[in-house]
Amino acid sequence: MEGKHLMPRPRQDWRSRLGRPATVVLFRTPVKWRFAVYLADPGGVLDGALPSESPDGSTESAQEAMHRWIEDTFQNPVTMAWTPTDKPDWWTGDVTAAQSGTAEEPLR
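For clarity, every value in this text was computed on a predicted model and none was experimentally measured.

Engineer: Sorry, what's going on with the overall build of the chain here?
Structural biologist: Each helix and strand counted, the chain has one helix and five strands in total. The order of helices and strands in the chain, counted from the N terminus, is β-β-β-α-β-β. Counting across all 108 residues of the chain, residues that qualify as buried make up 31%. Considering only contacts within the chain whose residues lie at least 6 apart along the sequence, 40% involve residues at least 24 apart.

Here's what the structure looks like:
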């Protein structure tokens, strides 16, 4: 391969490999608020905790922190619709792209 120079491939931002968030499960534990983010296209799950939220804090505060985490991580404005589950202090959130109009659609 003398005389040929291989061009380096541009690095792909790690966020672009994640896919898009579709659903979030947010739940309170005795130690912290934890979450699981279910991804669409190609699929998968991210899990973690909200370090800035006290386990004694309000559900609304934890949901707002989760909303910020999704927007910061995926670098897209989103709308989240929260629904309580049959377990106490467990919530599911449907994630959709924030639209300038009234219609909402899934993130792409």
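Following the structure, the description resumes.
Engineer: Looking at this model, I keep getting lost on the pattern of salt bridges. Mind explaining?
Structural biologist: When charged atoms on two side chains of opposite charge get close, those side chains can pair. For the structure on display, the rule yields one salt bridge. With its nearest N and O atoms 3.3 Å apart, the salt bridge here joins Asp-89 to Arg-28. With Asp-89 in the loop between strand E4 (78–84) and strand E5 (90–97) and Arg-28 in strand E1 (residues 20–28), this pair connects stretches of sequence that are 61 residues apart. Classification of Asp-89 as partly exposed rests on a relative accessible area of 34%. Residue class for Arg-28 comes out partly exposed when judged on its relative accessible area of 23%.

Engineer: Which parts of the structure should I look at to understand the environment of Ser-58?
Structural biologist: Looking at the element boundaries, Ser-58 is found in the loop between strand E3 (44–50) and helix H1 (59–74). We classify Ser-58 as partly exposed; its relative accessible area is 35%. Note: C-alpha distance between Ser-58 and Asp-89 (31 residues apart in sequence) is 10.0 Å. In terms of polar contacts, Ser-58 uses its side chain to reach the backbone amide nitrogen of Ser-61, at 3.0 Å.

Engineer: Quick question: what am I supposed to make of the sheet that holds E5 here?
Structural biologist: Across a sheet, strands are paired by hydrogen bonds formed along the backbone, either parallel or antiparallel in direction. Read from one edge of the open sheet, five strands run E3-E2-E1-E5-E4, paired in antiparallel fashion. Edge strands, defined here as strands with exactly one partner in the open sheet, are E3 and E4. Taking the axes of each pair of neighbouring strands and ignoring which way they run, one obtains an average angle of 20° across the sheet. Direction of pairing for strand E2 (residues 33–40) relative to E3: antiparallel, over a ladder of seven bridges. Residue Ala-36 lies in a different strand from E3, and its bridge partner there is Asp-47.

Engineer: Just checking my understanding: could you explain the side chain of Thr-73 for this structure?
Structural biologist: The residue Thr-73 is located in helix H1 in this model. In this structure the side chain of Thr-73 is engaged in a polar contact, spanning 2.8 Å, whose partner is the backbone oxygen of Trp-69.

Engineer: I'm lost on the nonpolar core in this one. Help?
Structural biologist: Note that soluble globular proteins tend to have their nonpolar side chains buried in a common cluster. Among the nonpolar cores identified, the biggest contains 16 residues, and Val-24, Leu-26, Val-37, Leu-50, Met-66 and Ile-70 are the most heavily contacted of them. Elements with a contribution of two residues or more to this core: E1, E2, H1 and E4. Contacts of Val-24, omitting those with residues within four sequence positions, involve Ala-36, Val-37, Met-66, Ile-70, Met-80, Trp-82, Trp-91, Thr-92, Gly-93 and Val-95.

Calculation criteria
- Residues numbered from 1 in each chain as written.
- Predicted model: local features only at pLDDT ≥ 70, side-chain atom pairs only at ≥ 80, totals over all residues.
- Heavy atoms only, no water.
- Helix = DSSP H or I, 4+ residues; strand = E, 2+ residues; numbered from the N terminus.
- Buried < 20%, exposed > 50% of the residue type's maximum accessible area, 1.4 Å probe, protein only.
- Contact = heavy atoms within 4.5 Å.
- Salt bridge = Lys/Arg side-chain N within 4 Å of Asp/Glu carboxyl O.
- Polar contact = N/O pair within 3.5 Å; in protein donor to acceptor, adjacent residues only side chain to side chain.
- Pairing = 2+ DSSP bridges.
- Axes fitted to C-alpha atoms, helices over the stretch in contact; angles between N-to-C directions.
- Core = buried A, V, L, I, M, F, W, Y, C linked by side-chain atoms within 4.5 Å.

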